[in-house]
Amino acid sequence: MNNTLKDKVLFVSGASRGIGLAIALRAAKDGGKVAIAAKTATPNPKLPGTIFTAAEEIERAGGKALPLVCDIRDEESVKSAIQKTVEKFNGIDIVINNASAISLTDTENTTLKKYNLMHEINARGTWLVTKYALPHLIESGKQGRNPHILNISPPLSMKEKWFSSHVAYSIAKYNMSLCILGWAGEFREHGIAANALWPVTSIDTAALNILDRFTASKSRTPQIMADAAHLILTKNSSGFSGNFVIDEIILREHGQTEFDQYLVTPGNRDLVVDFFVEDDVLNKLRTLWKEDIRKKTPKL
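For clarity, every value in this text was computed on a predicted model and none was experimentally measured. (Residues numbered from 1 in each chain as written. Predicted model: local features only at pLDDT ≥ 70, side-chain atom pairs only at ≥ 80, totals over all residues. Heavy atoms only, no water.)

Trainee: How do you make sense of the nonpolar core when you look at a structure like this?
Mentor: Generally speaking, soluble globular proteins have nonpolar side chains that are buried together. Among the nonpolar cores identified, the biggest contains 50 residues, and F11, V78, I82, I92 and I149 are the most heavily contacted of them. Contributing elements (two or more residues each) for this core: β1 (9-13), β2 (33-38), β3 (64-69), α3 (75-89), α4 (112-142), α5 (167-186), β6 (193-198) and α10 (279-296). Considering each element in turn, this core owes the most residues, nine residues, to α4. The contact partners of F11, leaving out residues within four places of it in the chain, are A35, A37, L68, A81, I82, T85, I92, I94, V95, I96 and V129. One finds V12, L21, I36 and A38 within the second-largest nonpolar core, a separate group that totals 40 residues. (Core = buried A, V, L, I, M, F, W, Y, C linked by side-chain atoms within 4.5 Å. Buried < 20%, exposed > 50% of the residue type's maximum accessible area, 1.4 Å probe, protein only. Helix = DSSP H or I, 4+ residues; strand = E, 2+ residues; numbered from the N terminus. Contact = heavy atoms within 4.5 Å.)

The structure is reproduced here in structure tokens:
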């Protein structure tokens, strides 16, 4: 496949900041067209970035942007955002389901309001966006435009440890991954790829800085997710679907060996591992990290 997203139309939920914005900017560098679907239209002193500042960044990076106020919990809001995207850019080729809510609380301390929020955004919203984008993705496939769905969600694993500390969050996030499992089969006849992407380390976002600034300092930047997403989205949609991808793994599989550029704190490789990363993946990477350090250590 052509390794560019030039002229491709991306609908990205939660693209006003963080991972969603990073993926949008990477597409913009290729000359992609991005619909920024997010709730933030006015500046928030705690969370920098709005759909309009994101649009400005995307345009400066070389892409075309459409800022859309969209609450993916609301059916009419989603339908309207999808329709406006199609009217502006004449279709949709890629859907990035990035918008997500998090509360790392146990059952006793999770309020029903938080439970509902996580499920309405993570699970229901992801499904809703994809449902209304689907006719346009099917049309993209008919035109040979390599349609993709990418959820920012973890590999599926039925291990107790991934659920026991925060049941409500885990099942909401895993529902996004279950969508990928189903959509890979459901949409295969249309040539639409459905894949999930997850980071091996914590990712520095504005939300993480509010929750835990210490963890944010021992994280990687969203750019690593953007680079990994770009690799996925430029693969042949008919031949690469139903995969649960880890960011560093796919980058290494494509020949990348340098990862220090993603460090939030230069030189600090003592990184916080993200949730839902299996031991076999982590052990493999830790071996590679040690080898990377050995290669960079000057010989006396």
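So, next bit.
Trainee: What should I look at first to understand the sheet that holds β2 in this one?
Mentor: Sheet strands associate in pairs through backbone hydrogen bonding, adopting either a parallel or an antiparallel arrangement. Read from one edge to the other, the open sheet built from seven strands follows the order β3-β2-β1-β4-β5-β6-β7, with strand pairing classed as parallel. Of all strands in the sheet, those with a lone pairing partner are β3 and β7 (244-246), marking the two edges. For this sheet, the mean angle separating the axes of adjacent strands, direction not counted, is 20 degrees. Here β2 runs beside β3; their pairing, made up of six bridges, is parallel. (Pairing = 2+ DSSP bridges. Axes fitted to C-alpha atoms, helices over the stretch in contact; angles between N-to-C directions.)

Trainee: For this particular structure, what's the right way to read the environment of G18?
Mentor: The residue G18 is located in helix α1 (residues 18-29) in this model. Residue classification places G18 among the partly exposed residues on the basis of a relative accessible area of 23%. Expressed as a C-alpha distance, the spacing of G18 and V277, which sit 259 residues apart in the sequence, is 20 Å. Among all residues touching G18, those that are not within four sequence positions of it are T205 and P222.

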